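Observations on the three-dimensional arrangement
Here are the chains, one letter per residue:
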Amino acid sequence: MDNLLYGRRLTKGELPIGFVVDDRIEISPSVTIGDRMIRCHRCNSMTAKNIASLPNNQFFCPNCMELGRVSTLTNLYHVPEPNDFNADTHPLTWDGQLSALQLNCAQKVDECMRDKKRHLLWAVTGAGKTEMLFTAIANSIARGERIALASPRVDVCLELYPRLQQAFAEQKICLLHGRQTESYEYRQLTICTTHQLLRFYHAFDNLIIDEVDAFPYASNPQLYFAASQAVKPQGGCLYLTATPGENLMAMVRKKELSISYLPLRYHGHLLPEIKLKLVPSWRRQLGNKKLPGSLIQTLKQRLKNKRRFLLFVPHVADLSSVKEGLERQLKINVTTVHAVDEKRLEKVQKMRDHEIDFLVTTSILERGVTFPEIDVFVIGADDAVFSTAALVQIAGRAGRSVSRPTGDVIYWISSFANNVSDACAQIRFVNRKGRKLQH
Amino acid sequence: MNCLLCGTQIEIDFNLRELVLPMKIKKRSICHQCDQEFERLGGIRCDGCGRSQKSIDLCEDCQKWEHQVGFVINNRSAFEYNDAMHEYMKQYKFTGDYRLRSVFTTEFEKLISKQQPDVIVPIPINKSTWQTRGFNQVTGITSNLRLIEALETINGSKETRQSKKNRAERMSSKQPFKLSGDVEITKKISHQRALIVDDVYTTGRTIYYAANLLLTLSPMSISSVTLAR
Ligand SMILES: [Zn+2]
Ligand SMILES: [Zn+2]
Ligand SMILES: [Zn+2]
């Protein structure tokens, strides 16, 4: 239990009963009181006093309560990270091969982590970025460093964990996220949600944040703070993304971050570019359970040629009328799926098993779920529910396999909105970089 | 403003009366959907503990109380302790989200004033709860009422949470309270209609202990109101 506080900051409630507070432990307030606001030292948020108030002139932070409440009644307990590891000099048990491009990128990542840089790796969807981290992580472990691989999304963590555990078979990896019951262990390599980083303080020599653009990280300054605080003052931070948002690019412009690109997918092809079709009145048509003629034509052709596809719609509420319209106009059965669909996994599996040839879905399938050899269509892509990042990710669902490295990506829009033009521009930008590498 | 329970944006539905009398607009702290998850108690109930049943006759539990302590407390509760209430209590009491104190204030205070009490006595919390949670969950909810803090917890009484005990353990727990040492406070109880307020009525054990003590101050009557049961 001695190492529980190494590189972390915990409240008394998070410590085991009977925990002895000795003089190695640094104690600091978790919430301090200002004039009109209080400041939380765990999540760095400021809250108006009247919202954060408790009786007797005490205050709590309402912004990080998922981790257990902090307040003026609780202190934070911390022991500086001692890097108390028996470092394995050859921890990598993975024996796969990287392509020449991936190898190049892997070396760059290795350099960054060696030099503790703050770096952004912009790698397109399907570039195979996890494998490119292995050498750098192995070398970091061999140097006796403490490393974390964090993602805003639990599902990404759950997917990374077995892959990393297999690649580093002798290492015991600590996995942390909000939905678990396993307890914390002091390990050289940690995989966690970015939220869990709030419990760390100057712990990591290198922190890697995967899918950094994903909700909720992208728009959450609290989690940027968590990341910067979890890393040692001289530590390195590597951001990985397929769709960098404005925040990150601004940091690149201000030279707070260095940047490198992997603009080609693992099979060496470019991202498919988005074709746009303007259908200003599609919403009104949908009210009469009718879909645009060009969409119907496109789908008919795909069905005839047995080309499988995903059709994205903006809202769960659109699914039923799109289904009804398609079933009437195409005379086929339509399967729809959304985030809280009870039969979601079952339906996705049917698609994988080729029992059905297409799915009509909301943006929930944008990440993680991949089907080979598909085309991707969006109706109402200009709807504000689709972020630029989501639109790029959706496009990235097409052309994932070597057997069919290209695919059609067509977005039907009612007007030219910023999210759509930004997504098109982002794809054209990486493809320009990609073309240079292809020749 | 976002719903304090689920975080979604609350749509304000103005009705005509509210438009005419803008002062009347009630600030809602939870959304309509969350609100519907809570089950308001009404209808025919046990004349003692207030549970819903077919007649107003004393239920078995209340008969046991009558047998054991010689009297029955008339208790009324605003809500059924269902899953939604359980979640609310978890978030409010155990996570300590003090913002949630206002969610049921209006309804709870209405039920209290319906009993027409002269003095309202809250169930106190112990010292260690003051040090960790930092608030009394009952007095948090009843922020607009004048409360007479005639009861205190006994220091050093065992600090296991009631909610972590089973029924038998609750029933056999020792008297956790004592009367306030302040005579100015305790004398306010005598010859008055006293009402005990608590957050949840489970076995009645807590309220009967509180009532036992208050009885020694010769009130005119004692009844109780809890937020949930
Ligand atoms: Zn906080
Ligand atoms: Zn709600
Ligand atoms: Zn009863």
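Residues numbered from 1 in each chain as written. Chains lettered and ligands numbered in written order. Predicted model: local features only at pLDDT ≥ 70, side-chain atom pairs only at ≥ 80, totals over all residues. Heavy atoms only, no water.

1. Notes on the sheet that holds strand S3 (residues 31–33) of chain A
Residues and elements named next belong to chain A. Condition: Pairing between strands is defined by DSSP: at least two bridges between them are needed. Put simply, DSSP H or I for four residues or longer makes a helix, DSSP E for two residues or longer makes a strand, and each gets a number counted from the N terminus. The angle between two axes is taken between their N-to-C directions and runs from 0 to 180 degrees, where each axis is a line fitted to C-alpha atoms and a helix contributes only its stretch in contact.
The strand order across the open sheet formed by three strands is S3-S4-S5, and the pairing between neighbours is antiparallel. Edge strands, defined here as strands with exactly one partner in the open sheet, are S3 and strand S5 (46–48). On average, each strand axis in the sheet is tilted by 25 degrees relative to the strand beside it, whichever way the strands run. Relative to S5, strand S4 (residues 37–40) runs antiparallel, the two sharing three bridges. For Met37, the partnering residue across the bridge sits in S5 and is Ala48.

2. Structural notes on the coordination of the zinc ion (ligand 1)
Residue and element names in this part refer to chain A. Which entries qualify depends on this criterion: Only N, O and S atoms count as donors, using a 2.8 Å limit from the metal and a wider 3.2 Å limit for Na, K and Ca, and since water is excluded some coordination spheres may look unfilled. By the criteria applied here, four donors are tetrahedral when all angles lie between 85 and 135 degrees, four are square planar and six octahedral when opposite donors are over 155 degrees apart and every other angle lies between 65 and 115, and any other arrangement is irregular. For the exposure calls, accessible area comes from a 1.4 Å probe over protein chains only, and a residue counts as buried if that area is under 20% of its type's maximum, exposed if over 50%, partly exposed in between.
Each protein donor to the zinc ion (ligand 1) is listed here as Cys40 (SG), Cys43 (SG), Cys61 (SG) and Cys64 (SG); together their distances run 2.3 Å. Angles of 106 to 113 degrees at the metal separate the four donor atoms of the zinc ion (ligand 1), which places the site in the tetrahedral class. Sequence spacing among the residues donating to the zinc ion (ligand 1) works out to C-x2-C-x17-C-x2-C. When sorted by exposure, Cys40 lands in the same class as Cys43, which is buried.

3. Quick look at the interface of chain A and chain B
Cut-off, in case you're wondering: For this analysis, residues touch if any pair of their heavy atoms sits within 4.5 Å. Salt-bridge detection follows one rule: a side-chain nitrogen of Lys or Arg within 4 Å of a carboxyl oxygen of Asp or Glu. Two N or O atoms count as a polar contact when they lie within 3.5 Å, although within protein this holds only if one can serve as hydrogen donor and the other as acceptor, and sequence-adjacent residues are included solely when both atoms are side-chain atoms. When residue character is reported, Ala, Val, Leu, Ile, Met, Phe, Trp, Tyr, Cys and Pro are called nonpolar, Asp, Glu, Lys and Arg charged, and the others, Gly included, polar.
Each partner contributes residues to the interface: chain A has ten residues there, and chain B has 13 residues. Summed over the shared surface of chain A and chain B, the number is zero salt bridges. Taken together, the connections running from chain A to chain B amount to three residue pairs in polar contact (both at pLDDT 80 or more). Looking at side-chain class alone, the side of chain A that touches chain B contains seven nonpolar, two polar and one charged residues.

4. Side note on the coordination of the zinc ion (ligand 2)
Residues and elements named next belong to chain B. Bound to the zinc ion (ligand 2) on the protein side are Cys3 (SG), Cys6 (SG), Cys31 (SG) and Cys34 (SG), at distances that span 2.2 to 2.4 Å. Geometry at the zinc ion (ligand 2) is tetrahedral, judged from its four donor atoms and the angles of 105 to 117 degrees they form at the metal. Read in sequence order, the donor residues for the zinc ion (ligand 2) give the motif C-x2-C-x24-C-x2-C. Within this pair, whereas Cys3 is found in the segment before helix H1 (16–20), its partner Cys31 is found in the loop between H1 and helix H2 (32–36), the two being separated by 28 residues in sequence. Note on accessibility: Cys3 and Cys31 belong to one class, buried.

5. A word on the packing of aromatic side chains
Residue and element names in this part refer to chain B. Our working rule: When two rings of Phe, Tyr or Trp (its six-membered ring) have centres within 6.5 Å they constitute a pair, described as stacked for plane angles under 30 degrees, edge-to-face for angles over 60, and tilted for the intermediate range.
Considering all chains together, one arrives at 22 aromatic pairs over all chains under this definition. Residues Phe38 and Phe79 carry aromatic rings whose centres are separated by 6.2 Å and whose planes lie at 70 degrees to one another, so their mutual orientation is edge-to-face. Of this pair, Phe38 sits in the loop between H2 and helix H3 (60–69) while Phe79 is found in strand S1 (residues 74–79), placing the two residues 41 residues apart along the sequence. Comparing Phe38 with Phe79, the two get one shared label, buried. The rings of Phe38, Phe79, Tyr88, Tyr92, Tyr98, Phe104 and Phe135 are connected pair by pair, giving a single aromatic cluster.

6. What about unusual backbone geometry?
All names here are of chain A. The phi torsion at Asn44 lies on the positive side, around 70 degrees, for a residue other than glycine. By the element assignment, Asn44 lies in the loop between S4 and S5. Take Asn44: its relative accessible area is 29%, and that puts it in the partly exposed class. A positive phi is found at Lys331, a non-glycine position, where the angle reads about 55 degrees. Along the chain, the position of Lys331 falls in the loop between helix H9 (319–330) and strand S18 (336–337). With a relative accessible area of 68%, Lys331 lands in the exposed category.

7. Regarding the pattern of salt bridges
Oppositely charged side chains can pair when the atoms bearing their charge come close. Residues and elements named next belong to chain A. Using the criterion set out here, one finds 30 salt bridges over all chains in the structure. Glu145 serves as the salt-bridge partner of Lys116, at 2.6 Å between the closest nitrogen and oxygen. With Lys116 in the loop between helix H2 (100–114) and strand S9 (118–123) and Glu145 in the loop between helix H3 (129–142) and strand S10 (147–151), this pair connects stretches of sequence that are 29 residues apart. Judged by relative accessible area, Glu145 falls into the buried class, the value being 7%. Between Glu273 and Arg435 there is a salt bridge whose closest N-O contact spans 3.5 Å. Remark: Arg435 occurs in helix H12 (residues 418–438) and Glu273 occurs in the loop between strand S15 (258–262) and strand S16 (274–278); sequence separation between them is 162 residues.

8. With respect to the domain arrangement of chain A
Residue and element names in this part refer to chain A. This is how the line gets drawn: Domain ranges listed in this record stem from an automatic or a database domain assignment. The term buried area means the drop in 1.4 Å probe accessible area that two parts suffer when joined, counted for both and summed.
Parsing chain A into structural domains produces domain 1 (2–78), domain 2 (100–262) and domain 3 (275–438). In this structure, domain 1 and domain 2 have C-alpha centres spaced 26 Å apart. With 17 residues of domain 1 in contact, the opposing surface of domain 2 contributes 13 residues. For the pairing of domain 1 and domain 2, the buried interface totals around 1,500 Å² over both sides, and the portion due to carbon and sulfur atoms is 55%. Its largest share of buried area at the contact with domain 2, domain 1 owes to Arg8, Arg9 and Leu67, together 38% of the area lost on that side. The tally of links from domain 1 across to domain 2 stands at one salt bridge. When the shortest N-O distance is used, the salt bridge between Arg199 and Glu14 registers 2.3 Å. Linking domain 1 with domain 2 are seven residue pairs in polar contact (both at pLDDT 80 or more). Of the residues that constitute the side of domain 1 that touches domain 2, the class distribution is six nonpolar, six polar and five charged.

9. Things to note about the state of the cysteines
Residues and elements named next belong to chain A. Spelled out, the test is: For this text, the term disulfide refers to a pair of cysteine sulfurs within 2.5 Å.
Enumeration according to the criterion identifies zero disulfides over all chains in this entry. Just so you know, Cys112 is unpaired, no disulfide at all, and the nearest cysteine sulfur is the one on Cys105, 9.4 Å from it. The exposure class of Cys112 is buried, given its relative accessible area of 3%. Cysteine Cys174 remains unbridged, with the sulfur of Cys192 as its closest cysteine sulfur at 7.9 Å.

10. Observations concerning the sheet that holds S15 of chain A
Residues and elements named next belong to chain A. Spatial ordering of the open sheet is given by S11-S12-S10-S13-S14-S9-S15, a layout of seven strands whose pairing is parallel. Two strands lie at the open edges of the sheet, namely strand S11 (174–176) and S15, each paired on one side alone. Here the strands of the sheet are splayed against their neighbours by 15 degrees on average, with no regard to which way each runs. Bridge count for S9 against S15 is five bridges, and the pairing is parallel. The residue bridging Ala123 from the neighbouring strand is Leu262, located in S15. Against the sheet, helix H4 (residues 154–167) contacts S10, S11 and strand S12 (189–193), and its axis sits at roughly 160 degrees relative to S12.

11. So, the environment of Arg193 of chain B
All names here are of chain B. Its place among the elements puts Arg193 in strand S5 (residues 193–200). The class of Arg193 is partly exposed, set by a relative accessible area of 35%. With 26 residues separating them along the chain, Arg193 and Pro219 place their C-alpha atoms 6.3 Å apart.

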